[in-house]
Amino acid sequence: MSTSPGLASPIGVFDSGIGGISVLRALYAELALEKFVYVADAGHAPYGERDDAYLLARAHTITHYLIEQHAIKALVVACNTATAAAIRELRQTYPDLPIVGIEPALKPAAAASKTGVIGIMATRGTLNSEKFSNLLKSLHGAATFVLQPCDGLADAIEHDDAIKIEALCAQYTRAMGTFGLKFGEMDTLVLGCTHYPFIAQQLSKSVGANVIQLEGGAPVARQTRRLLTERQALAVEPTLSLVRTQRLAFFSTGDANALAAAALRWMGEDAGAQTITVLNLQASKGLVC
Ligand code: DGL
């Protein structure tokens, strides 16, 4: 395909799996006239325990696909791990494409915390990245950050494995220390992986309902609006019927049914029967690296 993007072109969004839907729902709410193409790279998930070369290759392959097949006008990397590993190279490769990434919400957490002790749950890949280490350095002295790599947690969420989710939530939050509002306790928890907002309730059981949980979808959506506004690339008012039938398209390189179920569950009626298109692209269209 590869036509030039226009105002009516969609915004591409990708993640290793269903996690990016937590960002997509913020984008969908913030940018009410825009269309979105979502790619879940579930055939290559989880990303969190992969090396940078692998993540770079996946990010390039998916971005190329979104540009060639969907003529996207902007890209949102709705994955902390892929952002840390690949966003700089993606921006170098596609200088004309607005690209927005996501990082763990440390700055908002430092502003919100009263005790000054903040827990961060993320993938090993995110926490070991240079990008994250720079972010941490930039906040030196602003708060105490307790880092917890959560091997296996995104995968358990991806597979909707309730027993494993509960066990890992308990294990990881216990390993971090004491949560609460008293001096020295963690009163804020950063959800540094886009899968984690979907287990907010389970986490709440482990850390307590009074601990603030911070995710990064809303700032990503605002930043996407800013970039599109600067480039005068925001969609103009379409007809209502166009909005309802064509705003969301979903693609998976893995289990299409799992993505369909998650889209319906987390995006609600708008991702329902007539608007959701889920294809398995694992063995076609150049998505396998
Ligand atoms: N959802 C992704 C993130 O924000 C990656 C999860 C994974 O595949 O390990 O880091």
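The text that follows walks through the structure, step by step, so that each part is easy to find. These figures come from a predicted structure and were not determined experimentally.

Basis of the calculations
- Residues numbered from 1 in each chain as written.
- Predicted model: local features only at pLDDT ≥ 70, side-chain atom pairs only at ≥ 80, totals over all residues.
- Heavy atoms only, no water.
- Helix = DSSP H or I, 4+ residues; strand = E, 2+ residues; numbered from the N terminus.
- Expected span 1.5 Å × (residues − 1).
- Buried < 20%, exposed > 50% of the residue type's maximum accessible area, 1.4 Å probe, protein only.
- Pairing = 2+ DSSP bridges.

### Considering unusual backbone geometry
Among all residues except glycine, the phi angle is most often negative; among peptide bonds, the trans geometry is most common.
Point 1. Cis rather than trans, the peptide bond between A45 and P46 has omega equal to -5 degrees.
Point 2. Relative to the elements of secondary structure, P46 occurs in the loop between β2 (36-40) and α2 (52-70).
Point 3. Within the chain, A71 stands out as a residue other than glycine whose phi angle is a positive 50 degrees.
Point 4. Turning to its location among the elements, A71 is positioned in the loop between α2 and β3 (74-77).
Point 5. The backbone of D160 sits at a positive phi, close to 50 degrees, despite the residue not being glycine.
Point 6. On the secondary structure map, D160 appears in the loop between α7 (153-158) and α8 (162-176).

### A word on α8
Point 1. The end-to-end C-alpha separation of α8 is 21 Å, in line with the 21 Å expected for 15 residues at 1.5 Å each.
Point 2. A positive backbone phi angle near 125 degrees is found at G177, which sits one or two residues after α8.

### Topic: the pairing of strand β5 (residues 117-122)
Point 1. By the criterion of burial, β5 is predominantly enclosed, with six of the six residues buried.
Point 2. Going residue by residue along β5, you find V117, G119 and M121 tucked away on one face and I118, I120 and A122 tucked away on the opposite face as well.
Point 3. Two elements, β5 and strand β6 (residues 144-149), share six bridges in a ladder whose sense is parallel. In the strand pairing of β6, I120 is matched with L147.
Point 4. Both β5 and strand β7 (residues 188-191) contribute to a ladder of four bridges, which runs parallel. Looking at the pairing, M121 lines up with L191 of β7.

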